[in-house]
Amino acid sequence: MRILVTGAAGFIGSALARRLIEEKYEVVTVDNLSTGKMQNIPKDCKSYIGNVFDSSIIGELKNYNFEAIFHIAGQSSGEISFDEPVYDLQTNAQSTLMLLNLAKETGCKKFIYTSSMSVYGDHKEEFVNEESYTSPKSFYAVGKLASENYMKIYSTFDIKCTVLRLFNVYGIGQNMENLKQGMLSIYLAQAIKNKHIVVKGSKDRFRDFVNVNDVVEAMVLALNSEKTNSNFEIYNVSNSKKYTVEELVYKIKNNLPYNVTVEYIKGTPGDQHGIYGDNTKIKNELNWQSQTNFDEGIAEMVKWAIQREEK
Ligand SMILES: NC(=O)c1ccc[n+]([C@@H]2O[C@H](COP(=O)([O-])OP(=O)(O)OC[C@H]3O[C@@H](n4cnc5c(N)ncnc54)[C@H](O)[C@@H]3O)[C@@H](O)[C@H]2O)c1
């Protein structure tokens, strides 16, 4: 079975590609290496280096018959989307439309997309489920929501479309150089490099963290799902637990063998105060269960990040 995984040079895409290759799938990827690294792409993965919205690359992909498309590549920082909104639209929304069209033209019947909890924006009721209203606060979130809506239309063309709304993903392999994406990785990278963490925004903001291994499991379950009564489903991929920025910083500091100072400065545009995700639907319908305890997950990641720095 042949599968397209866009963004396999990145954190989540590379983890999924490795897992699919282990399961004997043939994996093809497209990545422009903007935040991903060539060495992250598994060696058995056929790769196209370039933009996922490049029509010549999409043309090349028409030569394959993909059983499924995982669209994971994308600009994944809300903050950066304010600097380059047009690029954000191309990379996060136009790309989805072009890949959905590829699926339609080539008879690919499954399309799975990594959307984001950012589509919800801020809510009075902080615990959100898939029926909660969406209210994007950043260009990034607008692009993610547009992609979801394109999928809803393409699902009527007999393509099974699954939206995974990822909450804050963390874990081994996360990009420790990108200081604009990934709350835990940003603070951890600063703590290790400078023994000083600069937090942009309030310490009372909060997030729902989910380990990358659990995210990969959700993706594989979505791929194999036998659910047939609907061609379009949205799932929160979350732990249904909230941690404030202050708690997170404490947990990071607690795992380091030296003292780390913390400074709070002005926030970034479009940042959400906090929501956390009800994961009842993915548990009931895909049989997903988070396997990673947050404290253990952080401890493991800190250990990995320190070893990586020492190399
Ligand atoms: N990490 C999270 O907490 C999180 C949360 C919600 C949603 N997501 C989504 O999951 C996906 C993967 O995120 P990640 O954390 O692995 O980020 P990442 O930056 O590590 O991976 C993204 C990959 O896509 C590639 N890419 C970016 N723009 C591209 C383009 N135009 N053409 C081809 N390749 C391109 C990058 O080089 C990189 O390899 C993204 O779509 C992101 O929006 C991530």
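Starting from 1, residues in each chain are numbered consecutively following that chain's sequence as written. Given that the model is predicted, a residue must reach a pLDDT of at least 70 before its local features are reported, and side-chain atom pairs must reach 80 or more before they are shown or counted; all residues, however, enter totals for whole chains, interfaces and linings. Derived side-chain values reflect all non-hydrogen atoms in the structure, with water molecules and hydrogen atoms excluded from consideration.

## Brief notes about the packing of aromatic side chains
The cut-off we apply is this: Aromatic pairing here means that ring centres of Phe, Tyr or Trp (its six-membered ring) are within 6.5 Å. Orientation follows from the plane angle: under 30 degrees is stacked, over 60 is edge-to-face, and everything else is tilted. Strands are runs of DSSP state E lasting at least two residues, helices are runs of H or I lasting at least four, and both sets are numbered from the N terminus onward. Buried means the residue's accessible area, taken with a 1.4 Å probe over protein chains only, is under 20% of the maximum for its type, while exposed means over 50%, and partly exposed covers the values in between. Placement of a positive charge over a ring is assigned whenever Lys NZ or Arg CZ falls within 6 Å of the ring centre and within 35 degrees of the normal to the ring plane.
On inspection of all chains with the given rule, the structure shows 12 aromatic pairs. For the ring pair phenylalanine 209 and phenylalanine 294, a centre distance of 5.0 Å and an interplane angle of 10 degrees mean the geometry is stacked. With a gap of 85 residues between them, phenylalanine 209 in strand E11 (residues 209-211) and phenylalanine 294 in helix H10 (residues 294-310) connect regions that are remote in the sequence. A relative accessible area of 8% means that phenylalanine 294 is categorised as buried. One Lys or Arg, arginine 165, reaches over the ring of tyrosine 120 and ends 4.8 Å from the middle of that ring.

## Observations regarding empty space enclosed by the protein
Rule in force here: Here a cavity means grid points, on a 1 Å grid over the protein atoms only, where a 1.4 Å probe fits yet cannot get out; a pocket means an open set of points with protein on both sides within 12 Å along at least five of seven lines; lining residues are those with an atom within 4 Å of a point. Grid points are joined across faces, edges and corners, and a volume is the space filled by probe spheres set on the points. Each residue gets one of three labels, nonpolar for Ala, Val, Leu, Ile, Met, Phe, Trp, Tyr, Cys and Pro, charged for Asp, Glu, Lys and Arg, and polar for the others, Gly among them.
Evaluated as defined, the whole model comprises one cavity of 30 Å³ or more. The volume enclosed by the largest cavity comes to roughly 70 Å³. Lining the largest cavity are Lys160, Cys161, Thr162, Ala222, Ser225, Lys227, Ser230, Asn231, Phe232, Glu233, Tyr235 and Leu286. Of all the elements in the fold, those that place two or more residues in the lining of the largest cavity are strand E7 (160-166) and strand E12 (232-237). Class assignment of the residues belonging to the lining of the largest cavity gives a composition of five nonpolar, four polar and three charged.

## With respect to the pattern of salt bridges
We count it as follows: Salt bridges are defined as contacts in which a side-chain nitrogen from Lys or Arg sits within 4 Å of a carboxyl oxygen from Asp or Glu.
One pass over the structure, following the stated rule, counts 18 salt bridges. Residue lysine 193 is joined to glutamate 309 by a salt bridge in which the shortest nitrogen-to-oxygen separation is 3.7 Å. Here lysine 193 is found in helix H6 (residues 183-194), whereas its partner glutamate 309 is found in helix H10, with 116 residues between them in sequence. Judged by relative accessible area, glutamate 309 falls into the partly exposed class, the value being 37%. Residues participating in the shared-partner salt-bridge network are Arg19, Glu23 and Glu217.

## Side note on the domain arrangement of the protein
Put simply, the rule is: By convention here, the domain bounds are inherited from an automatic or database domain assignment. Buried area is calculated as the accessible area (1.4 Å probe) missing from two parts once they are joined, with the contributions of both summed. Two N or O atoms count as a polar contact when they lie within 3.5 Å, although within protein this holds only if one can serve as hydrogen donor and the other as acceptor, and sequence-adjacent residues are included solely when both atoms are side-chain atoms.
For the protein, the domain assignment lists domain 1 (2-169 + 209-237) and domain 2 (171-207 + 241-274 + 293-310). The C-alpha-based centres of domain 1 and domain 2 are spaced at 25 Å. At the boundary of domain 1 with domain 2, total buried surface from both sides reaches about 2000 Å², with 51% on carbon and sulfur atoms. Summed over the three residues of domain 1 that lose the most area to domain 2, namely Phe11, Glu79 and Phe209, the buried surface amounts to 35% of that side. On the surface where domain 1 and domain 2 come into contact, there are four salt bridges. Here lysine 200 makes a salt bridge to glutamate 79, at a shortest N to O gap of 3.2 Å. Summed over the shared surface of domain 1 and domain 2, the result is 10 residue pairs in polar contact (both at pLDDT 80 or more).

## Description of unusual backbone geometry
Positive phi values are uncommon outside glycine, yet lysine 24 reaches one of about 75 degrees. Looking at the secondary structure, you find lysine 24 in the loop between helix H1 (11-22) and strand E2 (26-31). If you check the backbone angles, leucine 33 has positive phi at about 55 degrees while not being a glycine. Mapped onto the elements of the fold, leucine 33 is located in the loop between E2 and strand E3 (46-49). Residue class for leucine 33 comes out partly exposed when judged on its relative accessible area of 29%.

## Quick look at the site of the ligand
Put simply, the test is: It suffices for a single heavy atom of a residue to lie within 4 Å of a molecule or strand for the residue to be listed as near it. The method behind every accessible area is Shrake-Rupley, applied with a 1.4 Å probe, and residues are considered shielded solely by the protein chains displayed.
Taken together, 31 residues lie near the ligand, and Asp31, Thr35, Ile72, Thr91 and Tyr140 sit nearest. Contact distances for the ligand include 3.5 Å between an oxygen atom and a side-chain N or O atom of threonine 114. In the model, an oxygen atom of the ligand is placed 2.9 Å from a nitrogen or oxygen of the valine 169 main chain. Starting from 820 Å² of accessible surface for the ligand in isolation, the protein chains cover 97%.

## So, the UniProt feature "domain: NAD(P)-binding" (unreviewed entry) in the protein
We count it as follows: UniProt positions are given in the numbering used here, feature names are shortened, and annotations may be inferred rather than shown by experiment.
UniProt records the feature "domain: NAD(P)-binding" (unreviewed entry) at residues 4-301, using the numbering of this structure. In residues 4-301, the share of helix is 38% and the share of strand is 20%. The end C-alpha atoms are 28 Å apart.

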